[in-house]
Amino acid sequence: MANTYTAIATVTVGAGGASTIEFTSIPATYTDLYVLLSLRDNRASTSGDNVKVTFNSDTSSVYSYRLLYGDGSSAGSASGSSEAQTRIQYASADNQTASTFGSLNMYVPNYTSSNAKSISSEGASENNATEAYMGLTAGLWNPATQAAITSIKFAPYNGTNWKQYSTATLYGIKNS
Amino acid sequence: MAITYEPIATTTLGSAQSSVTFSSISGSYTDIILVINAKANTGTANIVWEVNSDTGTNYSYTYVNAEPGGVTASGRASSTASPYLNFYGYLDTTWGNWIAHFMNYSNTTTYKSVLARFNNSNNGTGANVGLWRSTSAITQIKIKTSANNFDTGSTFTLYGIKAA
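All of these numbers come straight from a predicted model, not from anything done at the bench.

Asks: Where do I start with the overall build of chain B in this structure?
Replies: Looking only at helices and strands, chain B features zero helices and 11 strands. From first element to last, N terminus to C terminus, chain B shows the α and β order β-β-β-β-β-β-β-β-β-β-β. A compact globule built from 164 residues should have a C-alpha radius of gyration of about 15 Å, and chain B, at 15 Å, falls within 12% of that. Its C-alpha atoms put chain B at 45 × 35 × 35 Å along the principal axes. Partitioning the contacts of chain B with sequence separation of at least 6, the portion at a separation of at least 24 is 76%.

Asks: How do you make sense of the nonpolar core when you look at a structure like this?
Replies: Nonpolar side chains in soluble globular proteins generally cluster together in the buried interior. V35, L39, V51, M106 and F154 of chain A are the most contacted members of the largest nonpolar core, which totals 44 residues. Sorting elements by how many residues they give to this core places strand β10 (residues 133-141) of chain A first, with six residues. Those residues in contact with M106 of chain A that lie beyond four places of it in its chain are V35, I88, I119 and S121 of chain A. Residues I8, A45, Y59 and I141 of chain B belong to the second largest nonpolar core, which totals 40 residues.

Asks: Looking at this structure, how should I read the pairing of strand β12 (residues 167-173) of chain A?
Replies: In regular strands, side chains alternate between the two faces of the sheet. All names here are of chain A. Of the pairings in the sheet, the one linking strand β1 (residues 5-12) to β12 comprises seven bridges and is antiparallel in character. Considered in β12, the bridge of T6 is made with G172. Where strand β3 (residues 32-39) meets β12, seven bridges bridge the pair, whose relative direction is antiparallel. Paired with L33 across the strands is G172, a residue of β12.

Asks: Can you help me understand the interface of chain B and chain A in this one?
Replies: Where the parts come together, the accessible area they lose is often given as the size of the interface. Listed by partner, the interface residues are 29 residues for chain B and 28 residues for chain A. For the side of chain B that touches chain A, the secondary-structure elements that each account for two or more residues are β1 (5-12), β3 (31-38), β5 (59-67), β6 (71-80), β7 (96-102), β8 (112-120), β9 (124-132) and β11 (155-161) of chain B. Considering only residue class, the side of chain B that touches chain A consists of nine nonpolar, 18 polar and two charged.

Asks: It is not clear to me how the sheet that holds strand β11 (residues 152-156) of chain A should be interpreted in this structure. Could you clarify?
Replies: In sheet architecture, strand pairing relies on hydrogen bonds along the backbone and comes in two forms, parallel and antiparallel. Residues and elements named next belong to chain A. With antiparallel pairing, four strands are arranged side by side in an open sheet as β2-β11-β4-β7. Edge positions in the sheet fall to β2 (21-23) and β7 (86-91), since each has one partner strand and no second. Within the sheet, the average angular offset between the axes of one strand and its neighbour, ignoring direction, is 25°. Relative to β11, β2 is paired through three bridges, and the arrangement is antiparallel.

Asks: Got a minute to help me understand the sheet that holds β1 of chain B in this structure?
Replies: Residues and elements named next belong to chain B. With antiparallel pairing, the eight strands of this open sheet are ordered in space as β1-β11-β3-β7-β8-β9-β5-β6. The sheet terminates laterally at β1 and β6, the two strands that pair on one side only. Strand-to-strand twist across the sheet, computed as the mean angle between neighbouring axes with direction ignored, equals 15°. Examined bridge by bridge, β5 and β6 share eight bridges and lie antiparallel to one another.

Asks: In this structure, what is going on with the environment of T21 of chain B? I would like to understand it.
Replies: Residue and element names in this part refer to chain B. By the element assignment, T21 lies in strand β2 (residues 19-22). Look at T21 and you get partly exposed, because 13 C-beta atoms sit within 10 Å. Note: C-alpha distance between T21 and T109 (88 residues apart in sequence) is 24 Å. Once residues within four sequence positions are removed from consideration, T21 is found in contact with Q140 and K142.

Asks: What's the story with the confidence of the model for chain B in this structure? I'm lost.
Replies: When pLDDT is low, close inspection of the predicted coordinates is not appropriate. Of all residues in chain B, 99% have pLDDT values of 70 or greater, and the mean over the chain is 96. On the interface metric, ipTM, the complex scores 0.95, and its pTM is 0.97.

Asks: So what exactly am I meant to see when it comes to unusual backbone geometry here?
Replies: That bond from Q89 of chain A to Y90 of chain A is cis: its omega, 5°, falls within 30 degrees of zero. Mapped onto the secondary structure, Y90 of chain A falls in strand β7. With a phi close to 55°, S24 of chain B is a non-glycine residue in the positive phi region. Of note, S24 of chain B is situated in the loop between β2 and β3. Overall, the presence of 8 C-beta atoms within 10 Å leaves S24 of chain B in the exposed class. The phi dihedral of Y88 of chain B is positive, around 55°, even though this residue is not glycine. By the element assignment, Y88 of chain B lies in the loop between β6 and β7. Given 21 C-beta atoms within 10 Å, Y88 of chain B falls into the buried group.

Cut-offs and rules
Residues numbered from 1 in each chain as written. Chains lettered and ligands numbered in written order. Predicted model: local features only at pLDDT ≥ 70, side-chain atom pairs only at ≥ 80, totals over all residues. Helix = DSSP H or I, 4+ residues; strand = E, 2+ residues; numbered from the N terminus. Rg over C-alpha atoms; globule rule 2.2 N^0.38 Å. Contact = placed C-beta atoms within 7 Å. Core = buried A, V, L, I, M, F, W, Y, C linked by C-beta atoms within 7 Å. Buried ≥ 20, exposed ≤ 12 C-beta atoms within 10 Å, placed from the backbone. Pairing = 2+ DSSP bridges. Nonpolar A, V, L, I, M, F, W, Y, C, P; charged D, E, K, R; others polar. Axes fitted to C-alpha atoms, helices over the stretch in contact; angles between N-to-C directions. pLDDT = per-residue confidence, 0-100.

Written as structure tokens, this is what we have:
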């Protein structure tokens, strides 16, 4: 039986941080993509941060999202359409408990198809305080001309830099 | 290193249809993951799961979700014959995905739980836990719409996961 769950690449942010984490030249040899992320950014907040996700360097208004989140005391939701990126949640922010990193995943089925690309994501920025966030995300990239995903970029939503030791690993999954 | 994540079967719809069935599922895995990437051919539909051709009221589910209008909600259905994989986050003409984990599906001593994530950026996202009140091993999974059809190009893939 074929091995269908393969690590493609890992990025670890070095000293000084990085404004984005990006996977490029993603091969078209898989069916689905899965990304595991451990993220902390420089947003001066105790509320964590969302993560901007763009595909193929496309920043036109062709993304949408719907979010469900909880902050430790109540639940909320948000949505957006015709956005310049979709978003997932939550990275840890700079004023949250030191040395903590938000844990997130993102699943992209049929990333080489000629249809719009939907995503599924979950994440949490656990924080040793009364306020900590977790969330679920449905996202969509729906450009006028559909294309296989060949690159994925992750950027802080409110912050400007990923902190050192943030990591992301991209996996490919084959359905046969 | 043992290979523990294996494709079992996949279906890509060549025409719109209301259901997809995976039959003769081997009991050689620990868990099963079903990945659906789909949209409706027209209108809307909830996604219903059924196992082993059991159409009795032997299912239940509980969900938490984000709905249109900034609404968050949680609810459940008991003793139903039509367990949803979603609640909102339903099929419409926007592409979405639904990922369901059938836990310990082949054991013959416990009822079977299904953990699902549903994702349609147009109408909802959330999580749904389902239960089939049977101790039988799951050997067949049927995924069907509550109305209308899955559209052409919709994909359904079953993976098996081994604990060791």
